[in-house]
Amino acid sequence: MRPATDTGRDGVDMYDVAILGGGVVGCAIARELSRYHLRCVLLERFAEVGFGTTKTNSGIIHAGQQTMPGTLKGLLEVRGNAMFDRLQRELGFGFRRCGELVVASNDEELASLAKMKADGEAKGVPGLEMWDAARLRREEPNLSHHLTGALFAPSAGVINPYEFAFALAECALRNGVEVRLEHEVAAIAPRPGGGFVITSTGPGVPAGAPPVEARFVVNAAGVHADQVAALVGADDFSIRPRRGEEYMLDRRLEGIVTRLIFPVPTPASKGILIIPTYDGTIMVGPTAHDQDDRFDVPTTVEGSEEVFAAVRRLCPSLDPRATIAEFAGLRAVSSSGDFIIGPSRVPGFFNVAGIQSPGLTASPAIAVHVTELLGRAGLPLVARDDFEPSVAPPARFAQRTHEERQALVAAQPLFGRLVCRCELVTEAEVHEAVDHGARTLDGVKFRTRAGMGRCQGGFCTSRVMRILADRLGVPFHEVTKRGAGSWMVLPMEPAGEGPEARKEGAPCSDA
Amino acid sequence: MTETTVQHYVCISCPIGCPLRLVHEGDQILEIEGQECNRGAKYARQEFTDPRRTFSTTVPITGALYGRLPVKLSAPLPRPAIPAAMEAIRQLSAEAPVRLGQVLLRDVAGVAGVDVVSCRTMDRVTM
Amino acid sequence: MFGRMNRRYDVVVVGGGPAGLAAALGALDSGVSRVLVVEREPEAGGILRQCIHAGFGLHHFREELTGPEYAERFVLQAMDRDVDVVPHAYVTGLAVDSSGHRLVRVLSERGGLSTVECRAVVLAMGCRERTRGAVRIPGTRPAGIFTAGLAQKLVNLDGYLPGRRAVILGSGDIGLIMARRLMLEGVSVAGVYELMPYSNGLTRNVVQCLDDFGIPLHLSTTVTRIHGRDRVEAVTVAPVDETGRPDPEKSWDVPCDTLLLSIGLIPENELSESLGLALDVVTGGPKVDSTLATSLPGVFACGNVLHVHDLVDFVTEEALRAGRFAGEHARQLRRPRDTIQLVPGANVRYCLPHTLSTDRSHTIYMRAKTRLAPCVLRVGNLLEKRLRFVVPAEMIHLTIQPELLERFYEDRLQIDLVPVDGKGAP
Ligand SMILES: Cc1cc2nc3c(=O)[nH]c(=O)nc-3n(C[C@H](O)[C@H](O)[C@H](O)COP(=O)(O)OP(=O)(O)OC[C@H]3O[C@@H](n4cnc5c(N)ncnc54)[C@H](O)[C@@H]3O)c2cc1C
Ligand SMILES: Cc1cc2nc3c(=O)[nH]c(=O)nc-3n(C[C@H](O)[C@H](O)[C@H](O)COP(=O)(O)OP(=O)(O)OC[C@H]3O[C@@H](n4cnc5c(N)ncnc54)[C@H](O)[C@@H]3O)c2cc1C
Ligand code: SF4
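On a predicted model such as this, the values are computed, not experimentally measured, just so you know.

Focus on the domain arrangement of chain A
All names here are of chain A. Domain boundaries in chain A define domain 1 (1-95 + 159-238 + 335-393), domain 2 (100-154 + 239-328) and domain 3 (397-478). Here the C-alpha centroids of domain 1 and domain 2 sit 30 Å apart. At the interface, 29 residues of domain 1 touch 29 residues of domain 2. Of the roughly 2,300 Å² buried at the junction of domain 1 and domain 2 (both faces included), carbon and sulfur atoms supply 58%. On the domain 1 side of the contact with domain 2, S58, Q65 and Q66 bury the most area, a combined 29% of that side's loss. Our count for the domain 1 to domain 2 interface comes out at 1 salt bridge.

Right under this line is the structure:
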């Protein structure tokens, strides 16, 4: 299958590119590179791709009119947005252009909307329209009647970001990129004769496995990007995590708004929003608070009060008691304030850092941009003619019509076995998720929605664990929530042994 | 010479849950107070002279729909015998089919007449 | 017959727990013969299959049974009387055809997506547990947070333990029962924390599940934060004031690897909501008339999907009636209309059914808002009954005889619980 590039260009068995970090950015780069005759590897600390900031954000594909003109992120945001229709057709993730409204509550804010419209048009944001109060009330009757107008941007959309990342990684894998999970990059050394030697640790690294050698390294390690860059002294920047809390509300609020609702932004943030998610739930958030810890992402009492106080000014009937889940994510805010993309002071080592919001939107454009830069630095970009841009989309039983469901069950009886009652997920879909790479409960949850509904896994957890155990060929108690350390249950002790004798589940490593 | 001592119980015979005070001298009950009705005194006396408990648990079962078979004691056991009974049950296992009420272990913890019995029928399933 | 499903029935019951099984038997009692029970689990029996402790059946069988024993008695009766019970089958929706028949959409492995026609439907889907989101506990999102019922299923059906050291939030009966269950299996229970100043469980369970094992019960205390990145490492707990606000100054951390939530049950109302049934905001279940019929003609409800019960015996009683009325509806027997609205008054959280007729006796279920001891239960000016003790956790039931109602000409009947002093004077 593989062409002559299987061994490195200098005749040594090494990768052309190693991508560090399997968030949406790393996965998009991996897929983009897989269009060419290259040998690439992606190293990711967690048990599955997309388990960092990529699965804990607002899931918005921004139109682009809100970002400062003249910034790299502003440029890549508008470019990225335009790529999503095609990506959606190829990769089948949940995505809908629902449009967004930036709403004003006084004349001063109306004036800044007018400026935003002009800026946006200059950047090429399509279809921007000013709405007066009457139009706003007609289109979104549940918003506060104090609002005086809005800027409508039809090209904004909502996406299931984890599905996007999973599909990107799967497509890259299909086109020959190696994806190594539970590989935490611990050391990077220059390789005599050029390139890098990358040593990983973690439960996914087989004992005695040799380090990865690669000609180019792309650092897409999210909030850890400065630490990873520091491993080779390519850290002429720093990252400060900025936590954002989000609150997911019960499905019965579906339709309370049909478009994204933004307040007029402040210089610090886009503010706290109302998000009609792709799956039909309503989400509100995020907050924005700097913190030092790069792993701990707690939600707080203050955060929830802040979020609901803010969104109730926009939509008074949003009730905190409708919350079914809450989470928080970390934005990787760079010392420059903008995206940092390109070669570093260490030749061959590229940083893709500081990818805070709108990083999700920009990610496909980032990938194209990084590929071009790598090409300019000497990576030979020879297009493959067997590149396969698509992956099979998930069945999404719950969204099918009666007739479609009938056809699915007729073809595969496991579509007749319900696993998650809140979100109507069937056993066939859980199997499908495993076929597409799910290895953990969260991996199944983010691929199928089993456990995301109002009962939050009360009904489906043990069923999904059972299927995962069968499919991965591990005992039930070795199934984890999201990889090493996140064990779910312990076996009852064998006869005669005390509880001390119990061992927690070993990590279920990537198959 | 034994001294008079006081034991405190909470009556569980009805939802009111009267706090009971039982005064005794050695084995001799001198006084029971705090109850709003006679069942309270009866309860305190039983708790003092011969407290009994029953419990349910599960044992592993093979060849059935689930991996565990629920079991119970056929009658309450003296409280001090509970740990030994639990330990004895821990050694048990069953194989489907099992019938409701089937005795899995007789005279558990050496107490005559208290058996470990199955709480449900579990058919053999063919995988 | 087990596993058989025809295309036409008199009555279709959604859910094969104790409510669904009793409803099926009630329907047969009314004279219909074709009854189907649809159950999404691999077998009938409902939540009782995992409630292995004793305490069921004291009213109905005058005998103390474990959950699985109680369930099996009803499964056997249903088999004997030729009820069709299909497991692994899920009711996804309900419609009405032009001739007024109910069409029940059933998803199952064997039958695919099929439509069953019937004249009456009984909803008996049970309830689900409130989750972390409902009480919004801040902190991280590690593995090791379980609802008590999920932990009960993992331990009692699957045979796995949720962890080594658990904290239980909520002192309802399920939490108390799980505390003992875990201790018996060698899991240590650091404590049970309850927001209210009193336990929500039966005294008997506090004594036998906690006191017997030396598990502390902290009243007026709640969990204010969850710690741990991959797995729970500790929780912060804090005392609360009368309004339920935690005092962070007095908080402390409890190391544990497991948090069990026993913070309440809510009727499983997906189907009820999608049918557009009128719901009672307090119970979370449908509004019903004195025949347990919902706002959609020919659709009845009983058991935990109607309102959350604490004793399965009352579930059985209610479901037998619902099944009987559904059977009568299928046979097109007509009853006099309800003319009286039943409304909760002082200290009554809710009462059911929502309306009454004057032609027959009625069983009324209600819950108190607070603990009162003693008090008088007053039904309009028709009836007064002295009760020694009421608590929110225990349902109150009452039968009203037709003699009383025959002479009642108003359209509204209010139920009050009036506290009285020890001598019985209000
Ligand atoms: C609250 C919130 C809301 C947001 N909303 C939006 C939005 O609506 N629209 C939008 O466009 N953007 C949004 N963003 C921004 C967007 O989520 C991010 O820009 C995007 O997810 C960044 O992707 P990434 O791949 O750079 O980071 P990540 O997803 O964090 O990926 C980095 C990966 O690198 C791995 N890694 C780190 N160190 C190592 C190591 N040493 N070895 C191996 N692997 C390592 C991590 O495990 C992680 O998986 C939001 C962000 C937040 C926090
Ligand atoms: C954890 C727990 C402990 C309890 N302990 C006690 C006790 O000690 N003593 C006591 O007397 N009572 C106890 N109870 C109360 C009593 O057991 C319940 O009130 C009783 O089981 C309720 O019966 P049900 O049939 O309404 O609900 P369930 O038993 O929950 O049955 C509902 C059934 O419907 C099925 N179903 C739901 N939706 C669908 C659908 N769309 N299609 C097909 N099938 C569906 C479910 O799978 C389930 O089997 C306890 C309850 C719980 C939850
Ligand atoms: S003594 Fe009587 S009233 Fe008091 S708790 Fe016991 S049974 Fe109830």
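Some words on the pattern of salt bridges
Side chains that differ in charge, positive against negative, can pair when their charged atoms come close. Residues and elements named next belong to chain C. Following the criterion strictly, the structure yields 68 salt bridges over all chains and no others. E117 is the partner of R8 in a salt bridge, and the nearest nitrogen-oxygen pair spans 3.0 Å. With a gap of 109 residues between them, R8 in the segment before β1 (11-14) and E117 in strand β8 (residues 112-118) connect regions that are remote in the sequence. Residue classification places R8 among the partly exposed residues on the basis of a relative accessible area of 49%. Given the relative accessible area of 14%, E117 is considered buried.

Details of the site of ligand 2
Residues and elements named next belong to chain C. Looking at ligand 2, there are 32 residues lining it, with A19, E39, H53, N304 and V312 nearest. At 3.4 Å from an oxygen atom of ligand 2 is found a main-chain nitrogen or oxygen belonging to A124. Compared with its free state, where it exposes 990 Å², ligand 2 has 94% of that area covered by protein. Going through the elements one at a time, α1 (18-29), β3 (54-56), β6 (89-96) and α8 (312-330) are the ones with two or more residues in the shell around ligand 2. Element by element, the count of residues in the shell around ligand 2 is highest for β6, at 3 residues. Here the shell around ligand 2 is built from residues that sort into 17 nonpolar, 11 polar and 4 charged.

Some details on the site of ligand 1
Residues and elements named next belong to chain A. Contacts to ligand 1 come from 39 residues, most closely from E44, T54, I60, I355 and T361. Within the backbone of G23, one N or O atom sits 3.5 Å away from an oxygen atom of ligand 1. Residue G359 places a main-chain N or O atom 3.4 Å away from an oxygen atom belonging to ligand 1. Here ligand 1 has 1,000 Å² of accessible area as a free molecule, and 98% of this is covered by the chains.

Section: the interface of chain B and chain C
A common measure of how large an interface is: the accessible area buried when the components associate. The interface of chain B with chain C comprises 28 residues on the first partner and 29 residues on the second. In this assembly, chain B packs against chain C so that about 2,600 Å² is buried in total across both faces, 54% of it on carbon and sulfur atoms. Broken down residue by residue, the surface that chain B buries against chain C is led by I12, P15 and Y66 of chain B, which jointly contribute 22%. Taken together, the links from chain B to chain C amount to 5 salt bridges. R90 of chain B is paired through a salt bridge with E185 of chain C; the nearest N and O atoms lie 3.6 Å apart.

Concerning the interface of chain C and chain A
Listed by partner, the interface residues are 47 residues for chain C and 58 residues for chain A. Summed over both partners, the interface of chain C with chain A comes to about 4,600 Å²; 53% of that surface belongs to carbon and sulfur atoms. Inspection of the region where chain C meets chain A yields 4 salt bridges. Where E41 of chain C meets R463 of chain A, a salt bridge forms, and the shortest distance between an N and an O atom there is 2.7 Å. Across the chain C-chain A interface, the total number found is 17 residue pairs in polar contact (both at pLDDT 80 or more). Broken down by secondary-structure element, the contributors of at least two residues to the side of chain C that touches chain A are β6, β7 (102-108), β8, α3 (132-135), α4 (148-158), β12 (160-161) and α7 (270-274) of chain C. Tallying contributions element by element places α4 of chain C first for the side of chain C that touches chain A, with 5 residues. Residue composition of the side of chain C that touches chain A, by class: 15 nonpolar, 12 polar and 20 charged.

Brief notes about the sheet that holds strand β8 (residues 157-159) of chain A
All names here are of chain A. The antiparallel open sheet is built from 3 strands, whose spatial order is β3-β8-β4. The sheet terminates laterally at β3 (60-61) and β4 (95-96), the two strands that pair on one side only. Sheet analysis places β4 next to β8, joined by 2 bridges and oriented antiparallel. Within β8, the residue paired with R96 across the bridge is V158.

Observations regarding the sheet that holds strand β8 (residues 94-95) of chain B
In space, the 5 strands of this open sheet follow the order β8-β5-β6-β10-β9 (chain B), with mixed pairing throughout. At either margin of the open sheet sits one strand with a lone partner, and together these are β8 and β9 (103-105) of chain B. Across 2 bridges, β9 of chain B lies against strand β10 (residues 116-118) of chain B in antiparallel orientation. Its bridge partner lying in β10 of chain B, V103 of chain B is registered against V117 of chain B. Relative to strand β6 (residues 68-73) of chain B, α4 of chain C is tilted by about 90°, and along the sheet it contacts β5 (56-62) and β6 of chain B.

A word on the environment of R463 of chain A
Among the secondary structure elements, R463 of chain A is positioned in helix α12 (residues 461-472). Separated by 36 residues in the primary sequence, R463 of chain A and E427 of chain A place their C-alpha atoms 8.8 Å from one another. In this view, R463 of chain A contacts L418 and V419 of chain A together with E41 and K153 of chain C; residues no more than four positions away in its chain are not counted.

Some details on the packing of helix α10 (residues 427-435) of chain A against helix α11 (residues 441-448) of chain A
Angle between the axes and distance between the axes: these two values describe a pair of packed helices. Residues and elements named next belong to chain A. Two elements in contact, α10 and α11, have axes separated by 9 Å at closest approach and are oriented at 115°. On the basis of the axis angle, α10 is roughly perpendicular to α11. In terms of crossing hand, the pair formed by α10 and α11 is right-handed. Taking contact as the criterion, the partners of E429, V430 and A433 in α10 are, on α11, V444, R447 and T448. Of the residues belonging to the contact of α10 with α11, the class tally is 3 nonpolar, 1 polar and 2 charged.

What to know about the side chain of N304 of chain C
Residue and element names in this part refer to chain C. With respect to the helices and strands, the residue N304 is situated in the loop between β21 (299-301) and α8. A polar contact is formed between the side chain of N304 and the backbone nitrogen of H309, at a distance of 2.8 Å. Beyond its immediate sequence surroundings of up to four residues, N304 is in contact with G126, C127, P267, H309 and V315.

Observations regarding the domain arrangement of chain C
Residues and elements named next belong to chain C. Partitioning chain C into structural domains gives domain 1 (11-128 + 266-330), domain 2 (131-263) and domain 3 (340-422). Domain 1 and domain 2 are separated by 31 Å when their C-alpha centres are compared. Carbon and sulfur atoms supply 49% of the area buried between domain 1 and domain 2, which totals about 720 Å² over both sides. Of all residues in domain 1, Q50, I52 and H53 give up the largest surface area on contact with domain 2, accounting jointly for 66% of the area buried on that side.

Conventions used here
Residues numbered from 1 in each chain as written. Chains lettered and ligands numbered in written order. Predicted model: local features only at pLDDT ≥ 70, side-chain atom pairs only at ≥ 80, totals over all residues. Heavy atoms only, no water. Domains from an automatic or database assignment. Contact = heavy atoms within 4.5 Å. Buried area = accessible area lost by both parts, 1.4 Å probe. Salt bridge = Lys/Arg side-chain N within 4 Å of Asp/Glu carboxyl O. Helix = DSSP H or I, 4+ residues; strand = E, 2+ residues; numbered from the N terminus. Buried < 20%, exposed > 50% of the residue type's maximum accessible area, 1.4 Å probe, protein only. Near = heavy atom within 4 Å. Polar contact = N/O pair within 3.5 Å; in protein donor to acceptor, adjacent residues only side chain to side chain. Areas by Shrake-Rupley, 256 points an atom, 1.4 Å probe, with all protein chains shown as cover. Nonpolar A, V, L, I, M, F, W, Y, C, P; charged D, E, K, R; others polar. Pairing = 2+ DSSP bridges. Axes fitted to C-alpha atoms, helices over the stretch in contact; angles between N-to-C directions. Parallel < 35°, antiparallel > 145°, perpendicular 65-115°, else oblique. Left-handed = near helix turned anticlockwise from the far one by under 90°.

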